[in-house]
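# Breakdown of the fold
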Amino acid sequence: AIVGDRRIGKSSILSYISHESIAGSYLENPDKTVFLLLDFQQERRLTTESFILSVCRHLREKLGNSIPADTADYNGLVSVVEDLERSGYRLILLLDEFDRVTRSSSFDADFFAFLRAWAVKEFAFVSSSSRDLQELCHTQEIADSPFFNIFSTVQLGPLKEKEARELVCLPSKETPFPLEEHADFILELGGLWPFFLQMACSAVFEVFTEEDGFDPEIVRSRFLEEAQPHFQFFWEQFDPVVQAL
């Protein structure tokens, strides 16, 4: 269970995990491991049926037409997964913004009991959420589900300074505008938050390409214009005691 603040890089971690080259580096049998990345940020209407349909649709994209396209109930999913197990496959579900599911009244205790039963056998889960999943359930009954006991929590926080400098300097070496010379200024703007660092790098690139030389004040202005709504969101999430510090 990956837990971290908004825009800290949770979705990027899940995308990284599911990349074929990464799986091949860590798994003994990557060809028989199927990663399904389910992005619940994009789902407008979440139901048990839409969840199962989404799993089967992603399986169909990965494995072809042998997966039925209209499976929308528990029994149908059980049948699909048992067929895959007999073929030697293992499923890893990457559940981005999974708290949208745990918060939704469309998902009852039976749904999480179903996931818990299958986690013992064919499924593995990696979830992302802003807080511990059990704090983000729509009922206490859901929060008490044994499903949540299968997770170990990984807290995702800001980068270390060395990592932040590498994010600024290393990728930009392959461009016409290497940023190492401006790394201190970029870290001043973006701090150690990867999202804001990338935003600051983007502002520097724009100024390089559109202006006559590097102008830090123009960069700062462009960065703040884009970053301000996100800063405002973070500020509004703080309780009054924190805001007063």
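In case you missed it, the structure is sitting above this.
Below you will find a few notes about this structure. Nothing here was measured: the structure is a model prediction, and the numbers come from that model.

So, on to the overall build of the protein. For the protein, the count of helices and strands is 12 helices and 5 strands. In terms of overall dimensions, the protein has C-alpha extents of about 65 × 45 × 30 Å along its principal axes. Taken across its 245 residues, the protein has 41% of its residues classed as buried. Accessible area for the protein stands at about 14,000 Å²; split by element, carbon and sulfur atoms hold 49% of it. When the 22 positive and 41 negative side-chain charges of the protein are each reduced to one mean point, those points stand 4 Å apart.

Moving on, we come to the packing of aromatic side chains. Counted under the stated rule, the structure contains 27 aromatic pairs. Consider the rings of Phe98 and Phe147, whose centres lie 6.3 Å apart with planes at 65°: the pair is edge-to-face. Linking Phe98 in the loop between β3 (90-96) and α5 (99-102) with Phe147 in the loop between α7 (140-143) and β5 (154-156), this pair joins segments that are 49 residues apart in sequence. Seen in terms of ring centroids, Trp193 and Phe234 are 5.6 Å apart; in terms of plane orientation they differ by 75°. Their pairing is edge-to-face. Placement of Trp193 in the loop between α9 (183-190) and α10 (194-210) and of Phe234 in helix α11 (residues 216-237) is noted, with a sequence separation of 41 residues between them. Using a relative accessible area of 16% as the deciding quantity, one classes Phe234 as buried.

This part covers the pairing of strand β2 (residues 33-39). With respect to burial, β2 is a largely interior element, 5 of its 7 residues being buried. In this sheet, β3 lies alongside β2 in parallel orientation, the contact comprising 7 bridges. Note that in β3 the partner of Thr33 across the bridge is Arg90.

On to helix α6 (residues 109-119). All of the buried residues in α6 are Phe111, Phe112, Phe114, Leu115, Trp118 and Ala119. For α6, the arc enclosing every buried residue in end-on projection is 150°, short of the 170-degree limit, so these residues lie on one face. Contacts made by the buried residues of α6 are with α3 (48-63), α4 (74-86), α5, β4 (123-129) and α7. The distance from a side-chain oxygen at the start of α6 to the backbone nitrogen of Asp110 is 3.2 Å, and the residue carrying that oxygen is Asp108.

Attention shifts here to unusual backbone geometry. Here the phi dihedral of Arg7 falls at roughly 65°; this positive angle occurs in a residue that is not glycine. Positionally, Arg7 belongs in the loop between β1 (2-4) and α1 (10-18). By relative accessible area, which is 41% here, Arg7 ends up partly exposed.

What follows is about the sheet that holds β4. Here 5 strands make up an open sheet; going across it, the order is β2-β3-β4-β1-β5 and the pairing parallel. Only two strands of the sheet have a single neighbouring strand rather than two, namely β2 and β5. Going across the sheet, the axis of each strand differs from the next one's by a mean of 15°, ignoring polarity. The pairing of β3 with β4 spans 5 bridges and is classified as parallel. Bridging from a neighbouring strand, Ile92 pairs with Ala124 of β4. Helix-sheet contacts for α1 involve β1, β2, β3, β4 and β5, and the interaxial angle to β3 is about 165°.

The rules behind these values
- Residues numbered from 1 in each chain as written.
- Predicted model: local features only at pLDDT ≥ 70, side-chain atom pairs only at ≥ 80, totals over all residues.
- Heavy atoms only, no water.
- Helix = DSSP H or I, 4+ residues; strand = E, 2+ residues; numbered from the N terminus.
- Buried < 20%, exposed > 50% of the residue type's maximum accessible area, 1.4 Å probe, protein only.
- Areas by Shrake-Rupley, 256 points an atom, 1.4 Å probe, with all protein chains shown as cover.
- Lys, Arg positive; Asp, Glu negative; His and termini not counted.
- Charge placed at Lys NZ, Arg CZ, Asp CG, Glu CD.
- Phe/Tyr/Trp six-rings, centres within 6.5 Å; stacked < 30°, edge-to-face > 60°.
- Pairing = 2+ DSSP bridges.
- Arc of directions from axis to C-beta.
- Contact = heavy atoms within 4.5 Å.
- Polar contact = N/O pair within 3.5 Å; in protein donor to acceptor, adjacent residues only side chain to side chain.
- Axes fitted to C-alpha atoms, helices over the stretch in contact; angles between N-to-C directions.

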